[in-house]
Protein chains: 4
Amino acid sequence: MQTTVDLNSDLGESFGAWNMGDDEAMLDIVSSANLACGFHAGDPLVMWRSCARAKERGVAIGAHPSFLDLWGFGRRPILGERPEDIVKHCVYQIGALQAIAAAVGHRVTHVKPHGALGNMAAEDEGLAEAVAEATRLCGRELVLVAMPGSALERAGERKGLEVAREVFADRAYDDRGMLVSRKHPGAVLHDPEEAARRVVRMLEEGAVTSASGKKIPVRIDTICVHGDNPKAVAMARAVRTALERAGVRIRPFVAPPSSA
Amino acid sequence: MQTTVDLNSDLGESFGAWNMGDDEAMLDIVSSANLACGFHAGDPLVMWRSCARAKERGVAIGAHPSFLDLWGFGRRPILGERPEDIVKHCVYQIGALQAIAAAVGHRVTHVKPHGALGNMAAEDEGLAEAVAEATRLCGRELVLVAMPGSALERAGERKGLEVAREVFADRAYDDRGMLVSRKHPGAVLHDPEEAARRVVRMLEEGAVTSASGKKIPVRIDTICVHGDNPKAVAMARAVRTALERAGVRIRPFVAPPSSA
Amino acid sequence: MQTTVDLNSDLGESFGAWNMGDDEAMLDIVSSANLACGFHAGDPLVMWRSCARAKERGVAIGAHPSFLDLWGFGRRPILGERPEDIVKHCVYQIGALQAIAAAVGHRVTHVKPHGALGNMAAEDEGLAEAVAEATRLCGRELVLVAMPGSALERAGERKGLEVAREVFADRAYDDRGMLVSRKHPGAVLHDPEEAARRVVRMLEEGAVTSASGKKIPVRIDTICVHGDNPKAVAMARAVRTALERAGVRIRPFVAPPSSA
Amino acid sequence: MQTTVDLNSDLGESFGAWNMGDDEAMLDIVSSANLACGFHAGDPLVMWRSCARAKERGVAIGAHPSFLDLWGFGRRPILGERPEDIVKHCVYQIGALQAIAAAVGHRVTHVKPHGALGNMAAEDEGLAEAVAEATRLCGRELVLVAMPGSALERAGERKGLEVAREVFADRAYDDRGMLVSRKHPGAVLHDPEEAARRVVRMLEEGAVTSASGKKIPVRIDTICVHGDNPKAVAMARAVRTALERAGVRIRPFVAPPSSA
């Protein structure tokens with residue numbers, strides 16, 4: 001069985017006067033944080049605080065770039081964006097976070113596209129290429145987080161990037177190894193213990209099991225857990241506890257900067 | 001007489017579907033461009049294009065950070081911002097531009113605060129310190145552009161930054177060497193030839209002459225010209241021509257990256 | 001031949017410090033102005049000025065609601081918006097314009113959806129229903145501007161709204177009477193005289209002629225002309241002149257408020 | 001002793017994906033809700049839901065217009081806004097809310113400026129005049145909520161508006177009857193029971209007692225309570241309970257629309 005794995009969560013999603021999620025609790029659970037960069041959530045103050053607290057706890061940080069859509073929280077699928085423009089939007093966001101991370105003595109070590117951009121880049125070769133290209137332009141050492149079997153994974157490999165394969169603790173998979181749409185019943189797991197057992201099994205088997213029972217072998221570098229509500233935090237904690245009991249060590253897929 | 005000087009202008013102020021200024025014309029006139037970074041104007045596409053075209057012409061680029069105020073174009077004085085927050089806002093903006101500049105093979109070599117932030121940082125020690133600190137955090141080699149005698153000049157010096165002293169081609173000065181408020185008649189010069197003669201005289205005398213006739217000795221590293229309307233472009237061109245006729249060479253105050 | 005027709009244009013698309021189009025010129029050409037309401041362009045100052053100037057010239061005004069997408073100017077197709085939410089977005093925008101119009105003594109008399117929302121509501125029954133419902137909620141006397149044969153026309157009729165049928169001076173039609181996509185060559189006419197002749201012919205024949213030569217009978221209440229660049233203004237002027245020479249009177253499809 | 005009074009709170013301050021406050025709880029406590037209109041918080045969906053739920057509970061609604069400053073939540077003092085522009089910004093916001101309220105069968109019956117605009121309009125005659133003028137333009141029957149002794153109260157009276165005088169349950173007053181700045185210790189009361197007793201005393205005495213013990217006679221039409229965190233909700237509830245025990249009936253200062 002795999003003896004180490006990364007646990008990642010989308011954090012830093014507050015904005016201005018509005019708070020989202022319990023980042024303090026989550027930073028004690030995860031080993032990597034994907035930080036909003038201002039296009040769907042996050043602002044310079046939130047990003048700064050998130051970087052500083054992640055550093056204190058030895059949590060690795062990544063950029064979580066999005067379509068420019070604050071009101072829609074980056075969840076609205078936007079059509080017709082040219083890949084060459086998405087490159088520019090992503091470089092802007094990654095660069096802003098890199099500067100803030102550097103200012104607090106931390107370092108951005110990965111990139112994971114958010115929301116609708118992430119979903120679309122998993123299937124659309126042009127958008128996948130754009131996200132991978134932006135990542136490469138911001139640093140050849142940056143790791144691209146992608147779902148096994150996705151267009152984004154392929155794009156990252158073509159660009160010569162290190163790719164971290166991600167599975168979801170609380171989402172059902174179909175027989176192709178893709179996520180079952182949230183519109184379908186059973187697409188999202190709500191029981192922390194069930195999610196925790198499932199994650200341990202994934203690591204034991206080196207595979208995800210689809211809703212129909214099919215085992216799909218995958219490499220698992222990181223497990224995504226959510227933290228935007230108290231139940232999500234409880235599930236994240238259950239997953240971490242179950243992994244540690246099973247003898248799996250939680251640590252970033254990228255070695256943190258030596259000075260950290 | 002001083003034989004070289006920089007000519008700078010605030011460019012890259014288009015946004016989304018809206019165009020502002022004739023950047024193409026201005027990039028043929030100036031040696032340095034201060035580029036909006038998305039908070040008052042500019043977006044990733046505009047920034048990318050501006051960086052690429054500046055590079056083609058050997059024009060140095062700087063970040064032009066602003067208060068977060070798109071509708072107000074960064075011109076509205078906003079009170080009560082904590083200097084520590086302004087540091088974060090500026091690091092975000094400078095970092096985003098640095099990443100885009102790097103992506104097109106150019107490099108950000110200076111920082112000049114925009115609009116209300118610039119005006120307030122010329123007088124308010126806390127804001128001046130914040131802008132200088134953000135500049136230093138983004139790169140110790142970054143040059144801070146400041147008005148001679150301003151709080152920003154002093155803050156830059158305290159931080160150990162190289163400071164470029166800026167005069168304005170089209171603005172009247174008072175006896176303290178500060179700009180006469182635009183609200184007063186005669187605060188802004190409109191005649192290109194007059195502005196051009198005045199700039200040549202400033203360099204000959206190493207001084208600005210106040211509205212009342214007083215000569216205030218200043219170091220002049222860069223001259224600011226505007227380019228947001230056809231008349232402004234004509235004035236910028238007149239200033240450049242007059243300087244060249246007087247034997248002054250126009251070039252960036254920072255040597256461009258060797259690879260450029 | 002039809003002896004009166006309305007000429008409409010999308011105006012009031014400036015925002016903050018940015019200007020778009022030559023609204024002054026266009027308000028002397030058209031009889032109806034579709035005014036941006038702040039979601040893709042326009043702001044309270046722009047809206048106020050547009051309403052006041054339209055009133056001075058006896059130009060009728062309509063709301064031009066959009067997806068919430070300032071950066072994308074409302075041109076980005078956004079998927080997944082629930083029709084019930086689009087109702088709310090449109091009521092907000094129409095209501096804001098109604099209040100500003102009333103404040104300057106004018107009155108909003110029509111609604112025409114903008115950009116991607118307009119394109120999608122021409123085909124998607126849910127979005128069409130949402131735009132029509134929002135229009136009805138803001139005033140049963142409001143006229144809905146729609147393309148003949150579109151889902152929006154049908155939705156307006158179902159709601160009991162008066163519907164004004166619109167044709168485009170500068171766009172090619174396909175054999176179903178729908179617009180040829182801008183991606184295809186010949187989709188947009190650029191010659192003012194040709195567009196002007198074509199518009200006169202449409203009114204003479206009570207039909208649009210498709211790119212392949214097919215005549216599609218349509219009722220024509222209003223003709224859309226653009227005004228966002230000098231060439232567009234010239235075409236609008238040519239269209240108006242040609243119509244007047246042909247004896248067609250240009251006037252709003254809604255009688256202006258009696259006090260105007 | 002006064003036998004009826006209104007209890008108001010600033011609600012509808014969620015935005016997009018972000019929630020703020022416990023509006024459900026507060027709508028069971030207050031008799032009037034001041035609803036954000038999109039400039040500092042609120043969006044069409046939030047506004048719609050707030051109007052609908054207020055109507056269900058017989059809670060009166062008012063517009064809560066703000067400076068255009070989403071990131072700063074309307075709390076940043078912005079200088080240099082021309083009063084004539086503030087009129088336009090406020091008419092836009094009030095009109096948008098009026099349309100949404102009408103769509104759900106409710107009606108906007110008051111206006112209260114938010115945050116920095118509210119603070120500044122309490123002292124600045126130009127801004128006060130602008131807010132009052134915008135209110136009048138949106139409906140002569142609209143009630144303007146103002147602090148007794150403020151510039152806004154005077155402006156409302158000059159415009160012929162009905163003015164509702166407001167006191168704060170949890171804020172200390174100085175000897176002029178103005179609020180003690182939040183920067184000073186003791187400016188904000190945190191004990192629900194103390195705030196509740198104080199409010200009852202205000203109504204008994206028809207006066208507020210300043211921090212130094214001075215009694216300042218005031219007319220009290222409405223009492224402001226906050227609801228943006230659990231402690232605030234508890235205080236609001238304590239105030240309501242104490243008033244009811246003292247025999248004071250809580251009801252809107254404006255009779256709700258007859259159809260409600």
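Nothing here was measured: the structure is a model prediction, and the numbers come from that model.

Reading guide: rules and limits
- Residues numbered from 1 in each chain as written.
- Chains lettered and ligands numbered in written order.
- Predicted model: local features only at pLDDT ≥ 70, side-chain atom pairs only at ≥ 80, totals over all residues.
- Heavy atoms only, no water.
- Buried < 20%, exposed > 50% of the residue type's maximum accessible area, 1.4 Å probe, protein only.
- Helix = DSSP H or I, 4+ residues; strand = E, 2+ residues; numbered from the N terminus.
- Phe/Tyr/Trp six-rings, centres within 6.5 Å; stacked < 30°, edge-to-face > 60°.
- Salt bridge = Lys/Arg side-chain N within 4 Å of Asp/Glu carboxyl O.
- pLDDT = per-residue confidence, 0-100.
- Least-squares fit on C-alpha atoms with pLDDT ≥ 70 in both.
- Contact = heavy atoms within 4.5 Å.
- Polar contact = N/O pair within 3.5 Å; in protein donor to acceptor, adjacent residues only side chain to side chain.
- Nonpolar A, V, L, I, M, F, W, Y, C, P; charged D, E, K, R; others polar.
- Expected span 1.5 Å × (residues − 1).
- Axes fitted to C-alpha atoms, helices over the stretch in contact; angles between N-to-C directions.
- Left-handed = near helix turned anticlockwise from the far one by under 90°.
- Buried area = accessible area lost by both parts, 1.4 Å probe.

**What to know about helix α6 (residues 151-158) of chain B**
Considered for burial, the residues of α6(B) that qualify are Ala151(B), Leu152(B), Glu153(B), Ala155(B) and Gly156(B). At the exit of α6(B) stands Gly160(B), carrying a positive phi of roughly 80 degrees.

**Concerning the packing of aromatic side chains**
A complete count under the given rule lists 17 aromatic pairs over all chains for this structure. Between Phe15(A) and Trp18(D), the aromatic rings sit 5.7 Å apart at their centres with planes inclined by 35 degrees, giving tilted as the arrangement. Separated into two different chains, Phe15(A) in the loop between β1 (4-11) and α1 (23-27) and Trp18(D) in the loop between β1 (4-11) and α1 (23-27) make up a pair that spans both. With a relative accessible area of 8%, Phe15(A) lands in the buried category.

**With respect to the pattern of salt bridges**
Following the criterion strictly, the structure yields 92 salt bridges over all chains and no others. Here Glu81(A) ties to Arg76(C) by a salt bridge, and the two come within 2.4 Å at their closest N and O atoms. Taken as a pair, Glu81(A) in the loop between β3 (60-64) and α3 (83-103) and Arg76(C) in the loop between β3 (60-64) and α3 (83-103) lie in two separate chains rather than in one. The partner of Asp85(B) in a salt bridge is Lys88(B), and the shortest N-O contact between them spans 4.0 Å. Here the residue Asp85(B) and the residue Lys88(B) both occupy positions in helix α3 (residues 83-103), the gap between them amounting to three residues, near one helical turn. Judged by relative accessible area, which is 13%, Lys88(B) ranks as buried. Taken together, the salt bridges that share partners define one network made up of Glu125(A), Glu129(A), Glu133(A), Arg136(A), Arg154(A), Arg158(A) and Lys159(A).

**Side note on the confidence of the model for chain A**
Confidence in the prediction of chain A, expressed as mean pLDDT, is 95, and 98% of residues score 70 or more. Both scores are available for the predicted complex, with the pTM at 0.96 and the ipTM at 0.96.

**Regarding the relation of the copies chain B and chain A**
Rotating chain B by 180 degrees and translating it 0.0 Å along the rotation axis places it on chain A, where the RMSD comes to 0.0 Å. Such a turn and shift between the copies fits a two-fold axis. When C-alpha positions in chain B are compared against the rotation axis, the closest is assigned to Ala96(B), at 2.1 Å. A shared binding surface is used by both copies, with 100% of the interface residues of chain B retained as interface residues in chain A.

**A word on the interface of chain B and chain A**
Taken together, the contact pairs 20 residues of chain B with 20 residues of chain A. At the junction of chain B with chain A, the criterion picks out zero salt bridges. If you look at where chain B meets chain A, you find two residue pairs in polar contact (both at pLDDT 80 or more). Breaking the side of chain B that touches chain A down by element, the ones donating at least two residues are α2 (44-56), α3 and α5 (125-138) of chain B. With eleven residues, the top contributor of residues to the side of chain B that touches chain A is α3(B). Looking at side-chain class alone, the side of chain B that touches chain A contains 15 nonpolar, three polar and two charged residues.

**A closer look at α3(C)**
With 21 residues, α3(C) extends 30 Å between its outermost C-alpha atoms, agreeing within 8% with the 30 Å of an ideal straight helix rising 1.5 Å per residue. Judged by how many residues are buried, α3(C) sits mostly within the fold: 17 of 21 residues are covered.

**Side note on the side chain of Ser9(A)**
Residue and element names in this part refer to chain A. Mapped onto the secondary structure, Ser9 falls in strand β1. Here Ser9 falls in the buried class, since its relative accessible area comes to 0%. Within the structure, the side chain of Ser9 is placed 2.8 Å from the backbone oxygen of Val225, a separation counted as a polar contact. The residues contacting Ser9, other than those within four sequence positions of it, are Met26, Val30, Ser32, Ala33, Asn34, Val225, His226 and Gly227.

**Some points on the packing of α3(A) against helix α5 (residues 125-138) of chain A**
Residues and elements named next belong to chain A. Where α3 contacts α5, the two axes come as close as 8 Å, and the packing angle between them is 35 degrees. Remark: the crossing between α3 and α5 carries right-handed chirality. Contacts between α3 and α5 pair Pro83, Ile86, Val87, Cys90, Val91, Ile94, Gly95 and Gln98 from the former with Gly126, Leu127, Ala130, Val131, Glu133, Ala134, Thr135, Leu137 and Cys138 from the latter. Looking at the contact of α3 with α5 residue by residue, the class counts come to twelve nonpolar, four polar and one charged.

**Thoughts on the interface of chain C and chain A**
On the chain A side, the residues contacting the eight residues of chain C number eight residues. Summed over both partners, the interface of chain C with chain A buries about 940 Å², with 64% contributed by carbon and sulfur atoms. The largest per-residue losses of area from chain C upon contact with chain A belong to Trp71(C), Arg76(C) and Leu79(C), which jointly make up 52% of the total buried on that side. On the surface where chain C and chain A come into contact, there are two salt bridges. Counting the contacts that link chain C with chain A gives six residue pairs in polar contact (both at pLDDT 80 or more). Per-class residue counts for the side of chain C that touches chain A are five nonpolar, one polar and two charged.

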